[in-house]
Structures are given as C-alpha cells and as structure tokens.
Amino acid sequence: KIFLKRRKMKKILDKILSVRMRTKIALTIFFIIFLFSFGVGLVIKNTVLKKTNDIIKNSIENLVKVNEAMVLKNLLEENFWNIFKIMKSLKQIDLIKEATFVDQNYNVIASSKPSMYPVDSRLDHLHANTNLLIIPLKSEDIVFGYFIIDKEPSFLHTLIQNIKNQLLLAMILAALISIAIGYLMSIRIVGRLELLSHNAKMIENEEWENVKSQKSLEKDEISELSSVLESMLSKIKEMITREKTMKKFYYNILEKLDELVIICDKNLKIKFHNRNKLRKLIVEKESFSLEILKIIKEKITKKIESFVIEVPNEKGNILHLHVNMQNISDEYAFSFSNITSLKKLEEQELFKNSFEIVGEISSEVVHEIKNHLQPIKLLLEQEELDTEDRQRVLNII
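Along each chain, residue indices are assigned from 1 in the same order as the chain's sequence is written. It should be noted that, the model being predicted, local features are given only for residues of pLDDT at least 70 and side-chain atom pairs only at 80 or more, the latter also being counted only at that level, while totals for whole chains, interfaces and linings use all residues. The side-chain values count all of the structure's non-hydrogen atoms but skip hydrogen atoms and water molecules.

Asker: Tell me about the overall build of the chain, and name the residues and values.
Answerer: Helical segments are the DSSP runs of H or I of at least four residues, strand segments are the runs of E of at least two, and each set is numbered from the N terminus. On a plain count of helices and strands, the chain comes out with 9 helices and 11 strands. Burial statistics for the chain: of 397 residues in total, 28% are counted as buried. Contacts spanning at least 24 positions in sequence make up 47% of the contacts within the chain whose residues lie at least 6 apart. Note on areas: Shrake-Rupley, 1.4 Å probe, and residue coverage restricted to the protein chains presented here. Looking at the chain as shown, the accessible area adds up to about 28600 Å², and 59% of this sits on carbon and sulfur atoms. The classification of residues rests on relative accessible area computed with a 1.4 Å probe and restricted to protein chains. Under 20% of the type maximum is buried, over 50% is exposed, and intermediate values are partly exposed. A contact between two residues is defined here by any heavy atoms of the two lying within 4.5 Å.

Here you go:
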C-alpha cells in the first residue's frame, strides 16, 4: 500500500512538473495570494469576533447597569414580580436570549423563562457555559446577587456568517486577480523565455533565417540574459559556419588523397574513413578485417608506428601497403599507402644494378684477356719463333 501510494504521489508530482511554466507561475502567485488572504482573513475574523464579543459584553453590562438600581430596590422590598418584569424587558433586546437573576448562593429569584430556571432552583456549573454572562449586583462592595444573561447566539452567528461571506468573497476576488496577474506576468516572462528556446532550437537545426530578435521594454535579468544569448547565438552561428566550411574543406582534401585514412577509438572501432579504394581491402563493416586487426594490435603492443603489410586484392595479386599509425588523445589515426609500384621499381632497380655489375665484371675480364692476347699476337706475327718466344707464348696462354 505504501509503495502504491508513493507511486501515485510520484505520478501526481510528475504531472505537476510537466505543466507549462506560465501555468506554474500563475498557480504559484494564486496560492501565495490565496494563503496570504486566508491568513489575513483568519486574523481579521478572530479580531472581529473578539471585538464583537467585547462590544456585546459591554453593551449587555451597560444595559444591566441601567436596571441595577431598580432591581436592587425591588430586591430589598422583596418585590420579585417587578424583578421578573425587568428580566422580561431585558429579554426583548436582540443581544439577550434569556435573563435570570439569582442571589449570592445562585438560587433563582426571577427568570425570563421560568420553565427553564424555576424560582428557588439552584444554578450550578454556570461558569462552564461560555455563552452565559454573569454580572454581579453590587452596592458598597456588597454583592446582593447576580444577573445571569444568556447571550443570543443567532445574532452572533449571523454576524460571523456575514464576516465569513465577506472574507470568502474577498478571497475569491483576490484569487481571480492573482490568476489574472500571474497569467499576464507569465505571458511576459515565459514569452521571452520561449523566444530564447525557439532561437536555440533554430541554431541547433541551423535554420538561421528563423532566428528572431527579442525587443522588450523590460530591463530585468531576462532582458540581460536575452542580450547575452543573442550575442552568443551570433558567435555560435559564426563558429558553426566556420567549422562547417573547414570540415568540408578538410573532407575534400581527405577524399582526394591517394592514401586511405582511418580514425579509430581506443578499442580500434572505426569512427571515420575516407572513400579511398583501399578501404574494401582493409575495412569490414565498422572495424578492420581480422588479419589486419591482428597485425595492428601486434604493432601497437610493440609500439611500432610505421610498417609494411601485404594484402591480396580482388584479382588475387599481392599489394604492399605502407602503414603509418599515430596515437592522438586516446584515438588512433592510420594512413595506408599503396607502395606496390615502388616495390616493383625497387626490384627492377636491383635487377638493373645486377646487370651493371655483371657488365663491369665482364669488361674487366675482357680487358684482362686482351692484355694477355696482345703480346701473343705480336709474337705470332714473326716468321720464326725461337725457343724463348715459344716458351713465353705458352706461359701467357
């Protein structure tokens, strides 16, 4: 049950919090004025009731004092009939419901309603009744008896009801005025805030033409905030436009590169790559191919930033790719360059150099042979060879 109650209270609170701000402001002002009016009404009611009770009490005491001398005279003469008449006359007053006179021991001498207070009956516990007013009959500090006045409650109730009705009417008027004031204030306040919100959304959607300028006669905090935000929105517009231009510029540069550029997070999840044709050989969905990923992880572990990998293309031919890796703010940037043609040129150059070396060696061999054949030729041009020349030719051969 407690859980359900809390859940219900939470739903009610969520509904209250989801109400529009202008309604919240109007309701807040309404409750403030209503509570203030209610408090003031209670204070006025209690003050008026107290004053009214005091006035009624004083009025009754004054009326009784007017008749004190007559009652005392009849009491001393034991003319109780005239005292009864005086009690009857007091009852005729709107403030008095019943009037009774008792002696020092609270024994009834005369009452405007004998059926309720019979003569010679004793009235006990009178002080417990707050509606009764007990006024002593004194002369020379001697108490001869007491006037027991039962105040007329209907008169007081009518007065209280009139006060309640007037206070209720005043509170209703105050509530209606507060709602109107709150609504007008909320229109001014929330209207300007909504305009700021609208401008922020237009900036977010890059709909610059729909951004509205705020003109207000108020010079309050919202106006200052609006002025600051307008300046900020203008700067944000310039920054976004500049960033968009620069992004497009660098994007075009990346797209025109002969290299494949890939940017990954720290888990090697690809966040960006340009449209180089090598991506089909390197990228699979949002990550590297398994073989390439294994090589890259190994190079990261060994902290090797530049290396060459071999990958087959669609035709099965092996491509040599030079990889350059940089770690930037917990992100990795890779560039893949196709150096297959350079590799072929390198091999051709090595092959060419080999031929040149063979040619040089051959030239040296030929030169050495010619150096030895020349004296043989000179000797063989003679008609006859002696033993020494014949031996020399054999040695050269």
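Asker: Could you give me a rundown of the layout of surface pockets, with the residues and numbers involved?
Answerer: The calculated volume of the largest pocket comes to roughly 170 Å³. As for the largest pocket, its lining consists of 13 residues, and the residues nearest its centre are Leu 281, Ser 289, Glu 291, Ile 292 and Val 311. Of all the elements in the fold, those that place two or more residues in the lining of the largest pocket are α6 (279-282), β7 (283-284), α7 (290-301) and β9 (306-312). Split into classes, the residues belonging to the lining of the largest pocket amount to 8 nonpolar, 1 polar and 4 charged. Cavities and pockets are found on a 1 Å grid laid over the protein atoms alone: a cavity is a set of points where a 1.4 Å probe fits but cannot escape, a pocket is an open set with protein on both sides within 12 Å along at least five of seven lines, and a lining residue has an atom within 4 Å of such a point. Grid points are joined across faces, edges and corners, and a volume is the space filled by probe spheres set on the points. Under this grouping Gly is polar, as are all residues other than the nonpolar Ala, Val, Leu, Ile, Met, Phe, Trp, Tyr, Cys and Pro and the charged Asp, Glu, Lys and Arg.

Asker: I'd like a description of the sheet that holds strand β10 (residues 318-328), backed by residues and values.
Answerer: Two strands are said to pair when DSSP picks up at least two bridges between them. Here 5 strands make up an open sheet; going across it, the order is β6-β5-β11-β10-β9 and the pairing antiparallel. On the outer flanks of this sheet lie β6 (270-273) and β9, each paired with one strand and no other. Each adjacent strand pair in this sheet contributes to an overall mean axis angle of 25 degrees, direction not counted. As paired elements, strand β5 (residues 260-264) and β6 share 3 bridges and run antiparallel to each other. Bridging from a neighbouring strand, Cys 264 pairs with Ile 270 of β6. For helices, the fitted axis covers only the stretch in contact; all axes are lines through C-alpha atoms, and the angles between them, taken along N-to-C directions, range from 0 to 180 degrees. Along the sheet, α7 makes contact with β9, β10 and β11 (331-338), crossing β9 at roughly 170 degrees.

Asker: Hey, could you go over the confidence of the model for the chain for me, with residue numbers and the actual values?
Answerer: Overall, the prediction assigns the chain a mean pLDDT of 79, with 84% of residues at 70 or greater. pLDDT runs from 0 to 100 and stands for how confident the predictor is about each residue. Mean pLDDT across the secondary structure elements of the chain bottoms out at helix α4 (residues 153-204), with 71, and peaks at strand β2 (residues 108-111), with 90.

Asker: Can you lay out the environment of Leu 373 for me, pointing to particular residues and giving the numbers?
Answerer: With respect to the helices and strands, Leu 373 occurs in helix α8 (residues 340-380). Separated by 20 residues in sequence, Leu 373 and Val 393 have C-alpha atoms that sit 9.4 Å apart.

Asker: Go over the pattern of salt bridges, please, and point to the residues and values.
Answerer: Whenever Lys or Arg places a side-chain nitrogen within 4 Å of a carboxyl oxygen from Asp or Glu, that contact is recorded as a salt bridge. For the coordinates displayed, the defined rule picks out 5 salt bridges. Salt-bridge contacts for Glu 331 lead to Lys 271; the nearest nitrogen and oxygen are separated by 2.4 Å. Of the two residues, Glu 331 is situated in strand β11 and Lys 271 in strand β6; the sequence distance between them amounts to 60 residues. For Lys 271, a relative accessible area of 53% puts it in the exposed group. Of the charged contacts in the structure, one is a salt bridge between Glu 388 and Arg 392, with a shortest N-O distance of 3.5 Å. Here Glu 388 pairs with Arg 392, and both are found in helix α9 (residues 387-396), just 4 residues apart, close to one helical turn. What makes Glu 388 exposed here is its relative accessible area of 55%. Residue Arg 392 is classed as partly exposed on the basis of its relative accessible area, which comes to 40%.

Asker: Please give an account of unusual backbone geometry that cites residues and values.
Answerer: Of note in this structure, Glu 140 is not a glycine but carries a positive phi near 55 degrees. Relative to the elements of secondary structure, Glu 140 occurs in the loop between β3 (132-139) and β4 (142-151). Even without being glycine, Leu 268 reaches a positive phi, approximately 65 degrees. Note on placement: Leu 268 falls in the loop between β5 and β6.

Asker: How would you summarise the side chain of Asp 150 if you had to cite specific residues and measurements?
Answerer: Residue position: Asp 150 is located in strand β4. As used throughout, the charge tally considers Lys and Arg to be positive and Asp and Glu to be negative, leaving His and the chain termini uncounted. Buried charged residue Asp 150 carries no salt bridge. Nearest counter-charge: Lys 97, at 4.7 Å.

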